[in-house]
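Overview (structure and organization)
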Amino acid sequence: AFKGERGSSARNWLNQFENWAKDRPEFRGDDAKKIRSALNLLTGKAGHWANLYLTQSNNPSNAAPIFGNSWANFVTAFKGHFASIDEEKEALAELKKLKQKENESISDYSTAFKELANLTSLSDVDKQQRFLEGMTKSMRQLMGMAAALATDKPANFDALVARADKLDTGVN
């Protein structure tokens, strides 16, 4: 259920719902059913928003289908109401604050980092730099030692994350 938190939680819920719905045969070719199902999973503030449309949908004297029975129209309305106005700007701000916690694995840190970084237009080099800056001091030191011993630099962001994950796995 989605409670109405604005920003990334709205995006996450929508992605999860779409992933679940794509394998449901009852939704194939029936956007109206998919919309009603999505609306029924909204609670809290989002539930109040959904109830406006469900009331309209349940009114027998209302001939106009909600969101024009178009999933794309529903997604546009949902994002317009709950998603961030400037998703990239918000993601960049969250990336700036994101720090690996002392007992957090690189795997967990990199998952959170990638989720935000994918919403930006950061270059691969910028991603590497920000990723390293967010690591714990001890992990940055390990990465520095690994870089001094390595014969080559990581080819890209994913290679850097893989190197960090190997080091983290070896230490923890």
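Residues numbered from 1 in each chain as written. Predicted model: local features only at pLDDT ≥ 70, side-chain atom pairs only at ≥ 80, totals over all residues. Heavy atoms only, no water.

**Here's the deal with the side chain of K127**
Along the chain, K127 turns up in helix α7 (residues 124-134). With residues near it in sequence (within four places) discarded, K127 still touches F113, A117, N118, L122 and F157. (Helix = DSSP H or I, 4+ residues; strand = E, 2+ residues; numbered from the N terminus. Contact = heavy atoms within 4.5 Å.)

**Here's the deal with the nonpolar core**
One finds L39, L42, F74 and F78 to be the most contacted residues of the largest nonpolar core, which totals 22 residues. Contributing elements (two or more residues each) for this core: α1 (8-21), α2 (31-40), α3 (44-58) and α4 (71-82). In this view, F78 contacts F2, A10, W13, L14, L42, W49 and A83; residues no more than four positions away in its chain are not counted. (Core = buried A, V, L, I, M, F, W, Y, C linked by side-chain atoms within 4.5 Å. Buried < 20%, exposed > 50% of the residue type's maximum accessible area, 1.4 Å probe, protein only.)

**Some thoughts on α4**
With 12 residues, α4 ought to run about 16 Å at 1.5 Å a step, and its terminal C-alpha atoms sit 16 Å apart, in line with that. The set of residues buried in α4 consists of W71, F74, V75, F78 and F82. Taken down its axis, α4 places every buried residue within 100° of arc, on the same side. Residues of α4 that are exposed and point more than 90 degrees away from the buried face comprise T76 and G80. In this fold, the buried residues of α4 make contact with α1, α2 and α3. (Expected span 1.5 Å × (residues − 1). Arc of directions from axis to C-beta.)

**A few points about the packing of aromatic side chains**
As enumerated under the stated definition, the model contains 24 aromatic pairs in all. When the ring of W13 is compared with that of F17, the centres are 5.4 Å apart and the planes differ by 20°; the resulting orientation is stacked. Here W13 and its partner F17 are both found in helix α1, 4 residues apart, which amounts to about one turn of the helix. Comparing W13 with F17 shows no difference in burial state: the two are buried. The interplanar angle of 55° and the centroid separation of 6.1 Å between the aromatic rings of Y109 and F113 together place this pair among those described as tilted. (Phe/Tyr/Trp six-rings, centres within 6.5 Å; stacked < 30°, edge-to-face > 60°.)

**Regarding the environment of E104**
Locating E104 in the fold gives a position in the loop between α5 (87-97) and α6 (106-117). Its relative accessible area of 18% is what places E104 among the buried residues. Separated by 58 residues in sequence, E104 and A162 have C-alpha atoms that sit 16 Å apart. Not counting chain neighbours up to four residues away, the residues in contact with E104 comprise K99 and Y109.

**Describing unusual backbone geometry**
Of note in this structure, F67 is not a glycine but carries a positive phi near 55°. Its location among the elements puts F67 in the loop between α3 and α4. Using a relative accessible area of 12% as the deciding quantity, one classes F67 as buried. The phi torsion at N69 lies on the positive side, around 55°, for a residue other than glycine. Mapping N69 onto the fold places it in the loop between α3 and α4.

**Topic: the pattern of salt bridges**
Counted according to the given criterion, the structure contains 2 salt bridges. A salt bridge links R11 to E87, with the nearest nitrogen and oxygen atoms 3.2 Å apart. Pair noted here: R11 is in helix α1 and E87 is in helix α5, with a separation of 76 residues, a long-range link. Its relative accessible area of 14% is what places R11 among the buried residues. Residue E87 is classed as partly exposed on the basis of its relative accessible area of 29%. (Salt bridge = Lys/Arg side-chain N within 4 Å of Asp/Glu carboxyl O.)

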